[in-house]
Amino acid sequence: MHTHPPRRTPILIALAILLALLAACTPSGTGSSPGGDANPSAPDPGPTITVTPADGADTVNPADPVSAETTGGTLETVTMTNSEGKVIDGIFTPDRIAWKPGAPLGYGKTYTIAATALHDGGTRTERTSTFSTVQPGNLTKPTFVTSGGNLLTDGGTFGIGIVVVTHFDEPITDRPAAEKALTVETTPPVQGSWYWADDQNVHWRPQNYYTPGTQVTARANVYGVDLGGGLFGQEDAQTSFTIGDAHISVADDTTKQVTVTNNGELVRTMPTSMGMGGSEVIAGQTISFWTQPGIYTVLDKANPVIMDSSTFGLPVNSRLGYKETINYATRISTDGIYLHELADTIWAQGNTNVSHGCLNLSPDNARWFYDFSRPGDVVEVRNTGGAPLEQWQNGDWSVPWEQWQAGSAL
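Everything numeric here is computed off the predicted structure, so don't read it as measured data.

K.L.:
I'm lost on the overall build of the protein in this one. Help?
P.N.:
Scanning the protein for helices and strands turns up 4 helices and 31 strands. Out of the 410 residues in the protein, the part that is buried amounts to 42%. In the protein, of all internal contacts separated by at least 6 residues, the share reaching a separation of at least 24 is 65%. Summed over all atoms, the accessible surface of the protein reaches about 21,100 Å², with 53% contributed by carbon and sulfur.

Quick look at the structure:
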């Protein structure tokens, strides 16, 4: 007798196939789940490091930012060296996310930054960058001086008409770039403007005279600044000073008197003899003997001073030439106008003009004015003949404000 296996219905066959498929798709092991050992997570990439400037950069401005920064970790070490192997000290942020050098970079130098960063999981990343700074064709050094060319002394006290002059020892071709690097800050604030007298000297003054007690700080932040034609700033400069009492003297040719005020109060009246007027042509040059009208300032003083007419083209041995030692001389113009002692003209002081252009005073008055004056004090000359005082002669305050503003490069 033959025994036959039981027959399977189509439903049972389909169910068996489905169970087999499910078994094949189920990971082995108890409690397995997607993302387990069969698909391990990607390895920790570690922190990233960004160094600025980028590796291989050249003609980098030494004033531009230099840094090493990390994301996903903290900076472990940063070492910056120049081409001689000298280490440049640097500063980390408190969280050690960033680093920067602690000193300005030099021109025409090559630097290497080597940085390592550490991830919280222990992964370490390294990055190296080598770059070079620009090599200027030439350098210029700014200096702060008065309109008389003397240093604008840091910590000094000057008169209410003092003019800040930035003197560059090389001609400037890009005046806007240079002027943008210059600032004058005052307390209390005053409105002021720069005026380019020539390509090496730019003057700054307020619209009106300073108020006594004003604090002034002038800065020339020119290091790393391209001033045109391959010329860069050699170094920055700064000076701070204080404005003293308001000294204003008025020399009036109508009365031939110099009235001197201190903070608005009349303190002295001095008879004077000013320029005799007229002019002569010597070797093709016209020499004026007027005391030109305008607003001057005290430039400096000397006791004594050698006055030599040949310095402005009038030979000593000519009819009006001279060379004398003069006491208590206070200079107010770049071309040699002084208030000074001259006892020989006391007879003329207060009534007759006999000088070559200076303001003659008695020995007592000249000594008093010499002791009273400081650079930047205002001296106004009124009602004289001759051409008005020009800016180059120390006539900064004789330039109308709108014209002064137009002398800016910005």
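K.L.:
Honestly, the packing of aromatic side chains in this entry has me stumped. Any pointers?
P.N.:
We describe a pair of aromatic rings using the distance from one ring centre to the other and the angle between the two ring planes. Counted by the stated rule, this structure contains 8 aromatic pairs. With centroids separated by 4.7 Å and ring planes inclined at 15°, the aromatic side chains of Trp368 and Phe372 adopt a geometry described as stacked. Of this pair, Trp368 and Phe372 both sit in helix H3 (residues 363-372), 4 residues apart, which is roughly one turn of the helix. Classification of Trp368 by relative accessible area gives partly exposed; the value is 23%. Note on Phe372: relative accessible area 18%, which makes it buried. Among the aromatic residues, those joined into a cluster by ring pairs are Tyr107, Tyr223 and Phe232.

K.L.:
Would you take a moment to explain the pattern of salt bridges for this structure?
P.N.:
Once their charged atoms are close, side chains differing in charge can pair, the charge on each being opposite to the other. All told, the structure shown has 7 salt bridges when counted by the stated rule. Between Glu76 and Arg124 there is a salt bridge, with the nearest N and O atoms lying 2.7 Å from each other. Within this pair, whereas Glu76 is found in strand E3 (residues 74-82), its partner Arg124 is found in strand E8 (residues 124-132), the two being separated by 48 residues in sequence. Of the residues examined, Glu76 reaches a relative accessible area of 31% and is grouped as partly exposed.

K.L.:
Mind showing me how you'd approach the environment of Thr110 here?
P.N.:
Structurally, Thr110 can be placed in strand E7 (residues 110-118). In this structure Thr110 comes out as partly exposed when scored by relative accessible area, which is 30%. The sequence separation of Thr110 and Ala57 amounts to 53 residues, and the corresponding C-alpha distance is 9.9 Å. Contacts of Thr110, omitting those with residues within four sequence positions, involve Thr81, Asn82, Ser83, Thr130, Phe131 and Ser132. In this structure the side chain of Thr110 is engaged in a polar contact, spanning 3.0 Å, whose partner is the side chain of Ser132.

K.L.:
Help me understand the nonpolar core, please; the structure alone is not making it clear to me.
P.N.:
General note: in soluble globular proteins, nonpolar side chains tend to be found buried as a group. With 28 residues, the main nonpolar core has Val164, Phe168 and Phe241 as its most contacted residues. Contributions of two or more residues to this core are made by strand E12 (164-168), strand E13 (182-187), strand E14 (192-196), strand E15 (201-206), strand E16 (215-220) and strand E18 (237-243). Excluding residues that lie within four positions of it along the chain, Phe168 makes contacts with Thr140, Lys141, Pro142, Ala178, Leu182, Trp196, Gln200, Val202 and Val222. The next biggest cluster of nonpolar side chains, apart from the first, holds 20 residues, and it includes Met270, Ile332, Leu359 and Leu361.

K.L.:
Looking at this structure, I do not really get the layout of surface pockets. What am I missing?
P.N.:
To find leftover empty space, a probe the size of one water molecule is rolled over the atoms. Taken as a whole, the second largest pocket encloses approximately 160 Å³ of empty space. Looking at the second largest pocket, the residues that line it are Pro62, Ala63, Asp64, Pro65, Val66, Lys100, Pro101, Ala103, Pro104, Leu105 and Tyr223. Looking at the lining of the second largest pocket residue by residue, the classes come out as 9 nonpolar, no polar and 2 charged.

K.L.:
Can you help me understand the side chain of His247 in this one?
P.N.:
Looking at the element boundaries, His247 is found in strand E19 (residues 247-252). Residue class for His247 comes out buried when judged on its relative accessible area of 6%. Look past the residues within four positions of His247 in its chain and what remains in contact with it is Thr261, Asn262, Phe372, Arg374, Asp377 and Val378.

K.L.:
For this particular structure, what's the right way to read the sheet that holds strand E30 (residues 359-361)?
P.N.:
Each strand in a sheet pairs with another by means of backbone hydrogen bonds, the pair being arranged parallel or else antiparallel. As summarised here, the arrangement of the 4 strands in space is E25-E28-E29-E30, forming an open sheet in which the pairing is mixed. At either margin of the open sheet sits one strand with a lone partner, and together these are strand E25 (300-302) and E30. Averaged over all pairs of adjacent strands, the angle between their axes in this sheet comes to 15°, without regard to strand direction. By the bridge criterion, 3 bridges tie E25 to strand E28 (residues 329-331) in an arrangement that is antiparallel. In the sheet register, Lys301 faces E28, and the bridge partner there is Thr330.

What counts and how
- Residues numbered from 1 in each chain as written.
- Predicted model: local features only at pLDDT ≥ 70, side-chain atom pairs only at ≥ 80, totals over all residues.
- Heavy atoms only, no water.
- Helix = DSSP H or I, 4+ residues; strand = E, 2+ residues; numbered from the N terminus.
- Buried < 20%, exposed > 50% of the residue type's maximum accessible area, 1.4 Å probe, protein only.
- Contact = heavy atoms within 4.5 Å.
- Areas by Shrake-Rupley, 256 points an atom, 1.4 Å probe, with all protein chains shown as cover.
- Phe/Tyr/Trp six-rings, centres within 6.5 Å; stacked < 30°, edge-to-face > 60°.
- Salt bridge = Lys/Arg side-chain N within 4 Å of Asp/Glu carboxyl O.
- Polar contact = N/O pair within 3.5 Å; in protein donor to acceptor, adjacent residues only side chain to side chain.
- Core = buried A, V, L, I, M, F, W, Y, C linked by side-chain atoms within 4.5 Å.
- 1 Å grid on protein atoms, 1.4 Å probe; cavity = no way out; pocket = protein on both sides within 12 Å on 5 of 7 lines; lining within 4 Å.
- Points joined across faces, edges and corners; volume = space filled by probe spheres on them.
- Nonpolar A, V, L, I, M, F, W, Y, C, P; charged D, E, K, R; others polar.
- Pairing = 2+ DSSP bridges.
- Axes fitted to C-alpha atoms, helices over the stretch in contact; angles between N-to-C directions.

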